[in-house]
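Fold and contact review
Residues per chain, in single letters:
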Amino acid sequence: MALVLKTDIERGDSWHRAFRALLPELELRDWRAPGAPEDIEFALVWAPEQGALAKFPNLKAIFSIGAGIDHLASDPDLPPGVPIVRMVEPGLTAGMVEFVVMSALYHHRFMLDYAVQQREKVWREIEQIPTFRRRVGILGLGVLGSACAEKLCDFGFQVAGWSRRPKSQVGVESFHDADGLTAFLKRSDILVCLLPLTDETEGILNAETLGALPHGAAFISVGRGKHVVETDLLSALDSGQIGGATLDVFREEPLPPDSPFWSHPRIVVVPHIASMTIAETAAEAVAQNIRRVQAGQPPEHIVDLDRGY
Ligand code: NDP
Ligand code: OXD
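Residues numbered from 1 in each chain as written. Chains lettered and ligands numbered in written order. Predicted model: local features only at pLDDT ≥ 70, side-chain atom pairs only at ≥ 80, totals over all residues. Heavy atoms only, no water.

Structurally, I40 can be placed in strand 3 (residues 40-45). Since its relative accessible area comes to 0%, I40 is described here as buried. Spatially, the C-alpha atom of I40 lies 8.4 Å from that of R29, the residues being 11 residues apart in sequence. With residues up to four places along the chain from it excluded, the contact list for I40 reads A2, V4, R29, P34, F56, N58 and L59. (Helix = DSSP H or I, 4+ residues; strand = E, 2+ residues; numbered from the N terminus. Buried < 20%, exposed > 50% of the residue type's maximum accessible area, 1.4 Å probe, protein only. Contact = heavy atoms within 4.5 Å.)

In structure tokens form, the structure reads like this:
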């Protein structure tokens, strides 16, 4: 039983160690030298070249190394009938919860303003707002969004989420569908985007939707860069409609050196690190799914390619 792995060289060793412990019978093959294509039954990949997966005739499942599968869905030559499985694993979820909570607290506690004051040697208190008066809105109440919502509730924030279908998560107000979007935005002082990138969600954060937020709202962008119309975001920041933003994902990555985001005083830029798949915990999730497939069951967390996530 062989799995072809496409990851960066630095992380390859952790995957090898984890799979050796969990599934010693699984042979890991390197993407650059996979050997006979017909041996390969599983692929665990991030951003494979278009058409490359179709060269393995006996694939039983394709595992995305990340939660997002846009790097796979954009391949017009995916092997037909082979399930694509998104990454759901506790390490990735924990990392996202840390990042979103940290960023929400950063904006909630006016840290952008204090950074400016520090540069200008200004000693001035800004009146604190209690969390119970701050409304956080999460676009995308899936695996990651709902985990972030739960932790933000623990801090006492008023939390709401927007999803395709209605949700019933304790303490989280549910808005759904296109009809619920404007009402959701209007009540979100801190907006977090944790949507998948699909035809429906591309460009969802634009002049109209950013304009529906309360004046001075903060924006935390951790879904995908293409959710955001970047020029509209810059205009909203410059007018004060958006008071501050933390941007982890961008239309072009790495962010080009001439991007105005780098030096904007109201933006925190980080290089797509909000969360990362942790090989030790993720291998467990992949191994369980491989066992399911070997037992004739479908893997868990299969992507619906028609829906796009
Ligand atoms: P899930 O599939 O679990 O959740 C997606 C959520 O988005 C669901 O609540 C879904 O609604 C909602 N949704 C999708 N399309 C629409 C739509 N058209 N209208 C309204 N709601 C919609 O995904 P995850 O939580 O696992 O991951 C979310 C995304 O986070 C990934 O796709 C990836 O892009 C990004 N990500 C970013 C990382 C980073 O480091 N920056 C790391 C990991 C992930 P419903 O529940 O009703 O189906
Ligand atoms: C992911 C990511 O989708 O890291 O997991 O962006």
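Lining the immediate environment of ligand 1, one finds 28 residues, of which V143, R165, K167, D248 and Y309 sit closest. Contact between ligand 1 and G142: an oxygen atom at 3.1 Å from a main-chain N or O atom of the residue. Protein chains shield 95% of the accessible area of ligand 1, which is 940 Å² for the free molecule. When residues of the shell around ligand 1 are traced back to their parent elements, those giving at least two are helix 5 (143-154) and strand 7 (158-163). Taken together, the residues of the shell around ligand 1 sort by class into 13 nonpolar, 8 polar and 7 charged. Formed jointly, the shell around ligand 1 draws a minimum of three residues from each of two domains, domain 1 (2-89 + 277-294) and domain 2 (91-269). (Near = heavy atom within 4 Å. Polar contact = N/O pair within 3.5 Å; in protein donor to acceptor, adjacent residues only side chain to side chain. Areas by Shrake-Rupley, 256 points an atom, 1.4 Å probe, with all protein chains shown as cover. Nonpolar A, V, L, I, M, F, W, Y, C, P; charged D, E, K, R; others polar. Domains from an automatic or database assignment.)

Right, let's get into the pairing of strand 11 (residues 242-247). Across the 6 residues that make up strand 11, a large majority, 5, are buried. Bridge count between strand 10 (residues 217-221) and strand 11: 5 bridges; the pairing is parallel. Bridging from a neighbouring strand, F219 pairs with A245 of strand 11. Taking the sense of rotation as the criterion, the β-α-β connection linking strand 10, helix 8 (residues 230-239) and strand 11 turns out right-handed. As paired elements, strand 11 and strand 12 (residues 267-269) share 3 bridges and run parallel to each other. Residue pairing for strand 12: L247 is matched across the bridge by V269. (Pairing = 2+ DSSP bridges. Right-handed = clockwise from strand over helix to strand, strands pointing away.)

To continue, consider the site of ligand 2. Taken together, the residues surrounding ligand 2 are W46, G66, A67, G68, R224, H272 and S275. A67 places a main-chain nitrogen or oxygen 2.7 Å from an oxygen atom of ligand 2. A distance of 2.8 Å separates an oxygen atom of ligand 2 from a polar atom in the backbone of G68. Expressed as a share of its isolated accessible area of 210 Å², the protein-covered part of ligand 2 is 84%. Among the residues making up the shell around ligand 2, the classes are represented as 2 nonpolar, 4 polar and 1 charged.

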